[in-house]
Amino acid sequence: MINDVIIVGGGAAAASAALGLSNYSLRTVLLDVGFKPDIEPPQLNSDLYTFRKKNKIFDLVVGEEFHGLTNLIYNEKLPPKLIAPYNYYISKDVQKISPTEEENFKLIQSFSKGGLAAGWGAGVYEYNNDELKETPIHAEELKPYYHALTKEIGVAGQLDDLDKYFGKSEDLLQPIKISLKSQKLLQSYQKKREKLHREGMYMGLPRLAILTEEKNGRMPCDYSNLEPWYPNLPYIYNPAFTIDRLHQQKKIEYRSDILVKKWGRDKNGFIDVFALNMKSGESIVFKTKKLILAAGTANTTKIVLTSKNDYLSRLPIYDNPLIQIPIIFPGFIGKSFIKREFGMTNLNVIFDFKDQDLLLQGSLIELNSPARGTFFEMFPFSASGNMKMIRNLAPAAMVLFLYYPSQDNVNSVVSLDGNGQLLISSGNYTFNKGILKRVGRNLQKLGVLTSSLIFQKPPPGYAIHYAGTIPMVENPEQPYQCNISGELNQEKNVFIADGSLFSKIAAKNITFTIMANAMRIGENVAQSISNE
Amino acid sequence: MGHDLHTEASLIYRNIFKREIPPFVESRFLKVSEKINQKYPAIKVKNHYKKIAKINDLEALELSGRYLKKHHILSEKFLAMVYIAETIPENYSLFINEKNSIFNGYLSMIFASINTFYKLIKGVFLTMFVKDDQ
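Residues numbered from 1 in each chain as written. Chains lettered and ligands numbered in written order. Predicted model: local features only at pLDDT ≥ 70, side-chain atom pairs only at ≥ 80, totals over all residues. Heavy atoms only, no water.

(A) Looking closely at the packing of helix α3 (residues 42–54) of chain B against helix α5 (residues 72–85) of chain B. Residue and element names in this part refer to chain B. Two numbers describe how α3 lies on α5: the axes approach to 9 Å, and their chain directions differ by 70 degrees. Looking at the two axes, α3 sits roughly perpendicular to α5. Every residue of α5 that contacts α3 at Lys44, Val45, His48, Tyr49 and Ile52 is listed here: Ile73, Leu74 and Lys77. Its residues assigned to classes, the contact of α3 with α5 shows 5 nonpolar, 1 polar and 2 charged. (Axes fitted to C-alpha atoms, helices over the stretch in contact; angles between N-to-C directions. Helix = DSSP H or I, 4+ residues; strand = E, 2+ residues; numbered from the N terminus. Parallel < 35°, antiparallel > 145°, perpendicular 65-115°, else oblique. Contact = heavy atoms within 4.5 Å. Nonpolar A, V, L, I, M, F, W, Y, C, P; charged D, E, K, R; others polar.)

Put into structure tokens, the structure is as follows:
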């Protein structure tokens, strides 16, 4: 059986490429390892805090396998959502399936159905021409795909001061109800708006792939604070939703438990896709006319290097440098905990420092969903002092995830060793202290407490926005470059459709742009088959 | 070793929460405690148990170890205990404040600062008398 198209992967890029192909009558197969939640979580029928007042939450937060304590027991640095017992499938067996050796770079991968977007922060931001200037595509070309995806996934937000940075989408759902602290901050910003604009600071509501109204049978956000703990919450978009829909409509065939290793060519010029059946352990070969690699930057790069038997090349890899900035609202110290508030990004902030030619984006995150024990680790007091802080100070805290554009001077590189293991190493990111002080001062003007002394700098890779290994260029000359259609140079009919194609990441989540571009590539591939 | 683990669990819980450890928390903590021990060389684990056998104020010991970067095992076990203890409804009010009191909030910050200073000095002083085996 010769397929028209095989898509490799099960995350945001793969689902979007499949969406681009779905309007054409083609035989499309999507190959994915596709881990799913091992067990269904219990139905709480209430918010997290009402439930935990009367019931144990050990299975939800820690689990009998102690997945929730992974970072502590195994010295890992994984985001809380990826180690929550019922979400553990997202990062399950990654080192077993795709061992990596990392030096000063934290590579986070997933072989789950939905990929890393099964546990993402759901921020969706359009890229403008300036942010795409190092790729051969223009924002106008992506516009119809941003539009189609906005309708497919459901994006909450509103037009405000951030339009010029996030795009003027017309199909936004009602914005999420932001927390009381966020409301106070936004009011304070609006009072000092003109002055802050002169300083280059802009604030507004986030664009989130989160439903605030029912859509295609998916229920809207219920403010239950279950986001870190529950898998596949219907109101947070998960690429698995699109894959399931397309599979049910017979637009694609979804095959799980398949790990793609590499591709080759048969004597007729068709592409052989060599894979491993994860259940039976048997090798398996799929034949196709066109191959779209959308397995995520790291895994796609591994498949490409393996297929070319290249154990020497060192390819660049990019990520957003990230600073975590705790802020305290003095008026909320000692106040009672508010149980039903939105526990993810409540506000976005842009710092547009034109004198430095630097644009930073921050996501202000409410902290009512994580386990309170998380704060025990953060506070610098004695154990009993930390417990008092958990009760009195934690409800007054939020954290700003401040993203920088990718830096190309840190020499982050990825290669493959003779054992098929990915090697990733990186230098250190550099952060201008003067810039950080300006960020801190602008935040303080809004009446919150913070100091650059307590800013946290996670290692390179921790933002989990990977890109740039096999960039898309106007006229590819090198073997690890793609043309504007995503076709790999010197490899006819092999396309790439994920973050690997972008040689620069702006200071905001690139996932939505990867999705739009993957959909564009999928559609182009479908059209080229139709033309043939 | 088994006896040490039970005593350790009870002591850590009492030092943090000033009450007896519930059986549910203890049984889970014992498993985690063993996993944490396995991360460290045997001599470090031995020194850890030697210290907690001789020093009653584990809160002071943990704090000084944390600041002097000398006693990671105890800090990790304190943290594990907090994570596990949080999961039972009996401890809900220890973690969640349901009453508005800005005065108490600021007072608790002052207490935490003074207590931290006192416990740090005490912890450093106490550890001077318990030498690690090499």
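Don't stop here, the text continues.
(B) Quick peek at unusual backbone geometry. All names here are of chain A. For Asn45, which is not a glycine, the phi torsion comes out positive at approximately 55 degrees. Position of Asn45 relative to the elements: it lies in the loop between β2 (28–31) and α2 (48–54). One non-glycine residue, Asn104, lies in positive phi territory at about 55 degrees. Within the secondary structure, Asn104 sits in the loop between β3 (100–103) and α7 (139–153).

(C) Representation of the environment of Asn45 of chain A in the model. The class of Asn45 of chain A is exposed, set by a relative accessible area of 72%. In the structure, Asn45 of chain A is positioned 197 residues away from Thr242 of chain A in sequence and 26 Å away in space, judged by C-alpha atoms. (Buried < 20%, exposed > 50% of the residue type's maximum accessible area, 1.4 Å probe, protein only.)

(D) Structural detail: a nonpolar patch on the surface. Residues Tyr67, Leu68, Val124, Phe125, Met128 and Phe129 of chain B make up a contiguous nonpolar surface patch of roughly 610 Å² in combined accessible area. Of all the secondary structure elements, the ones that give two or more residues to the nonpolar patch are α4 (58–68) and α7 (102–127) of chain B. (Patch = residues over 30% accessible without salt bridge, like charges linked within 9 Å, V, L, I, M, F, W, Y side chains within 5 Å. Areas by Shrake-Rupley, 256 points an atom, 1.4 Å probe, with all protein chains shown as cover. Salt bridge = Lys/Arg side-chain N within 4 Å of Asp/Glu carboxyl O.)

(E) How the structure looks around the side chain of Thr469 of chain A. Residue and element names in this part refer to chain A. Residue position: Thr469 is located in the loop between α15 (433–444) and β16 (494–496). Polar side-chain contacts of Thr469 include one of 2.8 Å to the side chain of Thr301. The residues touching Thr469, leaving out its near neighbours within four places in the chain, are Thr297, Thr301, Leu315, Pro316, Ile317, Val414, Tyr480 and Ser500. (Polar contact = N/O pair within 3.5 Å; in protein donor to acceptor, adjacent residues only side chain to side chain.)

(F) The arrangement of empty space enclosed by the protein in detail. All names here are of chain A. In total, this model carries 4 cavities of 30 Å³ or more according to the counting rule given. The volume enclosed by the largest cavity comes to roughly 110 Å³. If you go around the largest cavity, you meet 14 residues; those closest to its centre are Lys181, Ile338, Glu341, Glu366 and Pro395. Across the lining of the largest cavity, the residue classes break down as 7 nonpolar, 2 polar and 5 charged. Its volume calculated, the second largest cavity comes out at about 60 Å³. (1 Å grid on protein atoms, 1.4 Å probe; cavity = no way out; pocket = protein on both sides within 12 Å on 5 of 7 lines; lining within 4 Å. Points joined across faces, edges and corners; volume = space filled by probe spheres on them.)

(G) Just the packing of aromatic side chains, in detail. Summed over the entire model, instances satisfying the criterion amount to 17 aromatic pairs over all chains. Aromatic side chains Tyr165 of chain A and Tyr202 of chain A sit 5.5 Å apart centroid to centroid with 55 degrees between the ring planes, which places their arrangement in the tilted category. Note that Tyr165 of chain A is positioned in helix α8 (residues 163–166) and Tyr202 of chain A in strand β4 (residues 201–204), a separation of 37 residues in sequence. Residue classification places Tyr165 of chain A among the buried positions, given a relative accessible area of 7%. With centroids separated by 6.5 Å and ring planes inclined at 80 degrees, the aromatic side chains of Tyr429 of chain A and Phe431 of chain A adopt a geometry described as edge-to-face. You'll find Tyr429 of chain A and Phe431 of chain A in the same group, each marked buried. Among the aromatic residues, those joined into a cluster by ring pairs are Phe58 and Phe66 of chain A together with Phe24 of chain B. Seen from the ring of Phe332 of chain A, Lys181 of chain A lies directly overhead, with NZ or CZ sitting 5.8 Å from the centre. The residue whose ring lies beneath Lys262 of chain A is Phe274 of chain A, and the NZ or CZ to ring-centre distance is 5.8 Å. (Phe/Tyr/Trp six-rings, centres within 6.5 Å; stacked < 30°, edge-to-face > 60°. Lys NZ or Arg CZ within 6 Å of the ring centre and 35° of its normal.)

In short, the description is geometric, and any link to function would need to be established separately.
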